[in-house]
Amino acid sequence: MAQMNMIQALNSAMDISMGRDPSVVVLGQDVGFFGGVFRCTDGLQRKYGEQRVLDTPIAEGGIIAAAIGMGVNGLRPVAEVQFADYVYPAYDQIVSELARLRYRSAGEFYAPVTVRMPCGGGIRGGQTHSQSPEVLFAHVCGLKIAMPSNPYDAKGLLIAAIEDDDPVILFEPKRLYNGPFDGDPTKPAVPWNTHAKGEVPIEHYTVPFGRAEIVRAGSQVTVIAYGTMVHVAEAAAAAAGLDAEIIDVRSIVPLDVDTLCSSVCKTGRCVIAHEATRFAGFGAELAATVMEHCFWNLEAPIQRVAGWDTPYPHAFEWEYFPGQARVAMALKAVMEGR
Amino acid sequence: MKPRLHVPAPPARPGQAPDFSYLQLSPAGELPRPEIGASWRDMGQLATGLVRVLDDSHHAVGAWHPHLDAHELQVGLRHMVLTRVFDDRMVRTQRQGKLSFYMKSTGEEAVAVAAGMALQPGDMLFPAYRQQGLQMVRGQPLVDLMCQLLSNSRDMCKGRQLPVMYHSAKARLFSISGNLATQFPQAVGWAMAAAIKGEDHIAATWTGEGSTAEADFHHALLFASVYGAPVILNVVNNQWAISTFQGTAGGEQNTFAARGPAYGLPGLRVDGNDYLAVYAATRWAADRARTGGGATLIELVTYRAAAHSTSDDPSRYRPRNDHELWPLGDPIERLKQHLIKLGAWSESKHEALVAELDAQVASAWKEALTYGTLNEGPRLDRDLMFDDVFKEMPEHLRRERDMLRRELGQ
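Residues numbered from 1 in each chain as written. Chains lettered and ligands numbered in written order. Predicted model: local features only at pLDDT ≥ 70, side-chain atom pairs only at ≥ 80, totals over all residues. Heavy atoms only, no water.

### With respect to the overall build of chain A
Consideration 1: Secondary structure summary: chain A contains 12 helices and 14 strands in total.
Consideration 2: Dimensions along the principal axes, computed over C-alpha positions, put chain A at roughly 60 × 45 × 40 Å.
Consideration 3: Relative to its 338 residues, chain A shows a buried fraction of 63%.
Consideration 4: Taking all contacts inside chain A whose residues are at least 6 apart in sequence as the whole, residues at least 24 apart take part in 79%.
Consideration 5: Approximately 12100 Å² of chain A is accessible, and the part contributed by carbon and sulfur atoms is 55%.
Consideration 6: If you average the places of the 27 positive and of the 38 negative side-chain charges in chain A, the two averages end up 2 Å apart. (Helix = DSSP H or I, 4+ residues; strand = E, 2+ residues; numbered from the N terminus. Buried < 20%, exposed > 50% of the residue type's maximum accessible area, 1.4 Å probe, protein only. Contact = heavy atoms within 4.5 Å. Areas by Shrake-Rupley, 256 points an atom, 1.4 Å probe, with all protein chains shown as cover. Lys, Arg positive; Asp, Glu negative; His and termini not counted. Charge placed at Lys NZ, Arg CZ, Asp CG, Glu CD.)

Printed below as a string of structure tokens:
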């Protein structure tokens, strides 16, 4: 075991994967010599050579297309999109090609590509460095999608992604790279070595897709969250003095419906929290799923906590961010049955 | 003078006389053939001139003459004739309501067949939707192709793709996409992987001149140039993107081949209806790629003699008889005449070949129909709809599969 932040955990995942399997390659903008703008690929090119850790042109569509071709030719590419906000030029290659290649060729061709991208706000990134576009990919059939909330899951999910024969998109909440964050920007930053999930095995392990994690068991209300919002929800529920069951979704596709819905059926109350915008956000899918499975057990309408349906504004970052106050209001509403 | 919006237009519309004076031609045999390792800087004229081997009297001339033996030419001719006969019959069956859709490659057979013949079996091909000649060269069984077209019980795509979107991992023919030009940068990625792994297989890909406008085309040339990828990038300039003339894709101001040198890649502009020229140019680019020289962009100047697809009616946007006046003629006719000049072919042999291949296609069609059509006969198991979305079926798809079973009363 070692203390790692999320960057080191992701780096360790790629390092281990490249060491075990010569077909694993890494490509993206600034990922090579420099080691990535967030340092996630630091040292990999030095260790594995410039043929396996490629700096690419600023062309997300080209990066993903090249990764698909490499995947078809037997490699396991790990492509970094520098910010999730920049993924859109690659949307056609991901949606029409990567996600559907196995299906359209009846299993004869597939590309085991992992796409990593930092997402979320809270770093003063403004509207072009703060987005959480997971639902735009969750709606596409053929992609596995995960968003870790801590270093342990980040490493385990990334190794699982690289070893998976299906395409995977890993959203990395960049506000969590260096430490857990409870949504209060006025408090001093907390490093990962203060958190149990900052303790990470140095060796190979995987966190499987399709499994949510009960972060805290509780009886009064279920809070379903992922990414940064797991920590915000935990803090908000504690501050409210509620015995809340906090569930980290982790794997958006496939979704662990059983863990989510067993909990809500038990507690009878449900709050869903994500950082992405609310309208047609992934929370809508979660709410519909919970309703379908738990309707007769619900004591109150399901509450959703999300970013506002505006772009992420630079000057009003913390008014936009779904912090503890917004979660607290949802908790109050769901407990009062309103 | 004021700025004025320029809107490119074809030289002739329906009812007007076809006019191909815009087409820049070079006499056969005129252009030099550079050494395989030459710099792209020293071959600018190849991107604006036209590489041609067969002259107007059907002799092979000049430095690009590939000196193939007569037997090899006969094999190429056979694949081209098979492609045409196949296309013709498939359109007829579409008109009879047996197929939902089809796309002919009439007039463009050499673009696929000669290139396919110049490549090695281990080379990976990323075609667009109009290179069925590659399927013929790689020996794909006609019945398999037809079953794909019919989306029937033996469809290689399990009923998931529109007609003509074939694939074969075994024959190294990549799955054809309906989204244009996406295969172009994918082929570059495949070639990059071949280089990373130290293999000497190369990739070749095709796209139409219309879809060079997609960002994927730019990505492909850029990545191919940056990484020296062993790939051949073919632009099939058949003058028309459905109803849109090649000028609207940028062909009016400069050739498509000229985009190669702009990226530091050789650009070859080739007579796409000249089997020998297509073969020679492909072979040159393949040898260059295989020996570490990187990628080549080849523009194949040809003409889409038929409609874009069975859903298209070109008489609404271009003169009816224009393809008969196309200055570069017909690829099958030209190779046929060349073989006759060589004393290795005759009109009667040709007629016999057409009859033989027509019978072969007819018999394959008869067999394919026994496996069903889109609307009649044996069908694929509906459960297959849920397979291959992922390698292993996740719970939510199992649930949906079961819902469909209940919906169908099973």
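Right, picking up where we left off after that structure.
### Focus on the sheet that holds strand β5 (residues 114–119) of chain A
Residue and element names in this part refer to chain A.
Consideration 1: With mixed pairing, the 7 strands of this open sheet are ordered in space as β3-β2-β4-β5-β7-β6-β12. Unpaired on one side and paired on the other, β3 (53–55) and β12 (251–253) mark the two borders of the sheet. Going from strand to strand, the sheet's axes swing by 20° on average, the running direction of each strand aside.
Consideration 2: Relative to strand β7 (residues 168–173), β5 is paired through 6 bridges, and the arrangement is parallel. Of the residues in β7, the one forming a bridge with M117 is F171. (Pairing = 2+ DSSP bridges. Axes fitted to C-alpha atoms, helices over the stretch in contact; angles between N-to-C directions.)

### Here we look at the state of the cysteines
Consideration 1: Per the counting criterion, the structure on display carries 0 disulfides over all chains.
Consideration 2: C141 of chain A carries a free sulfur, and the closest cysteine sulfur to it, the one in C157 of chain B, is 17 Å from it.
Consideration 3: Of all cysteine sulfurs in the structure, the one in C157 of chain B sits closest to C147 of chain B, which takes part in no disulfide; the separation is 11 Å.
Consideration 4: Given the relative accessible area of 1%, C147 of chain B is considered buried. (Disulfide = S-S within 2.5 Å.)

### Things to note about the interface of chain A and chain B
Consideration 1: Contacts between the two partners involve 41 residues from chain A, matched on the other side by 41 residues from chain B.
Consideration 2: Each partner contributes to the roughly 3400 Å² buried at the junction of chain A and chain B, and carbon and sulfur atoms together form 63% of this total.
Consideration 3: Considering only the side of chain A, the residues that lose the most area to chain B are N73, Y103 and R104 of chain A, jointly responsible for 22% of the buried surface there.
Consideration 4: If you look at where chain A meets chain B, you find 1 salt bridge.
Consideration 5: The partner of K391 of chain B in a salt bridge is D165 of chain A, with the nearest N and O atoms 2.5 Å apart.
Consideration 6: Where chain A packs against chain B, one counts 20 residue pairs in polar contact (both at pLDDT 80 or more). (Buried area = accessible area lost by both parts, 1.4 Å probe. Salt bridge = Lys/Arg side-chain N within 4 Å of Asp/Glu carboxyl O. Polar contact = N/O pair within 3.5 Å; in protein donor to acceptor, adjacent residues only side chain to side chain.)

### Brief notes about unusual backbone geometry
Consideration 1: With omega at -5°, the peptide bond leading from V253 of chain A into P254 of chain A counts as cis.
Consideration 2: You can see P254 of chain A is positioned in the loop between β12 and α9 (257–267).
Consideration 3: Phi at H58 of chain B takes a positive value of approximately 70°, unusual for a residue other than glycine.
Consideration 4: Relative to the assigned elements, H58 of chain B resides in the loop between α1 (44–48) and α2 (70–95).
Consideration 5: On the basis of relative accessible area, H58 of chain B is assigned to the partly exposed category, the value being 21%.
Consideration 6: Residues other than glycine seldom take positive phi values, yet K158 of chain B does so here, at roughly 55°.
Consideration 7: Tracing the chain through its elements places K158 of chain B in the loop between α5 (142–150) and α6 (183–197).

### With respect to the packing of α2 of chain B against helix α3 (residues 109–118) of chain B
To describe two helices that pack against each other, one gives the angle between their axes and the distance between the axes.
Residues and elements named next belong to chain B.
Consideration 1: Two elements in contact, α2 and α3, have axes whose closest approach is 10 Å; the angle formed by their N-to-C orientations is 140°. In terms of orientation, α2 lies oblique with respect to α3. For the pair α2 and α3, the crossing hand works out as right-handed. Between α2 and α3, the residues in contact are E72, V75, G76, H79, M80, T83 and R84 and E109, A110, V113 and M117, respectively.
Consideration 2: Here the contact of α2 with α3 is built from residues that sort into 5 nonpolar, 3 polar and 3 charged. (Parallel < 35°, antiparallel > 145°, perpendicular 65-115°, else oblique. Left-handed = near helix turned anticlockwise from the far one by under 90°. Nonpolar A, V, L, I, M, F, W, Y, C, P; charged D, E, K, R; others polar.)

### Some details on the sheet that holds strand β9 (residues 213–216) of chain A
Residues and elements named next belong to chain A.
Consideration 1: Spatial ordering of the open sheet is given by β9-β11-β10-β13-β14, a layout of 5 strands whose pairing is mixed. Pairing within the sheet leaves two strands with one partner each, and these edge strands are β9 and β14 (303–307). For this sheet, the mean angle separating the axes of adjacent strands, direction not counted, is 25°.
Consideration 2: Contacts from α9 reach β9, β10 (221–225), β11 (244–248) and β13 (270–277), with the element oriented near 155° to β10.
Consideration 3: Helix α10 (residues 282–294) contacts β10, β13 and β14 of the sheet and is inclined by roughly 160° relative to β13.

### Some thoughts on α5 of chain B
Every α-helix carries 3.6 residues per turn, so stepping three or four residues along brings you back to the same face.
Residue and element names in this part refer to chain B.
Consideration 1: The buried fraction of α5 amounts to 8 of the 9 residues, a majority that puts the element mostly inside the structure.
Consideration 2: Of the positions making up α5, those classed as buried are L142, V143, L145, M146, C147, Q148, L149 and L150.
Consideration 3: Buried residues belonging to α5 abut α2, α4 (132–137) and α11 (347–369).
Consideration 4: In the stretch just after α5, S151 is the one whose phi turns positive, near 45°.

### Digging into the side chain of R138 of chain B
Residues and elements named next belong to chain B.
Consideration 1: Checked against the element boundaries, R138 lands in the loop between α4 and α5.
Consideration 2: Buried within the structure, R138 lacks any salt-bridge partner; D123 is the closest side chain of opposite charge, at an N-O distance of 5.4 Å.
Consideration 3: Looking at R138, its side chain comes within polar contact range of the main-chain oxygen of R172, at 3.4 Å.
Consideration 4: Beyond its immediate stretch of four places on either side in the chain, R138 contacts L119, Q120, P121, D123, L125, A171, R172 and L173.

### Observations regarding a nonpolar patch on the surface
Consideration 1: Residues M291, F295 and W296 of chain A make up a contiguous nonpolar surface patch of about 410 Å² in total accessible area.
Consideration 2: Mapped onto the fold, W296 of chain A is located in the loop between α10 and β14. (Patch = residues over 30% accessible without salt bridge, like charges linked within 9 Å, V, L, I, M, F, W, Y side chains within 5 Å.)

That's the geometry; what it means functionally is another story.
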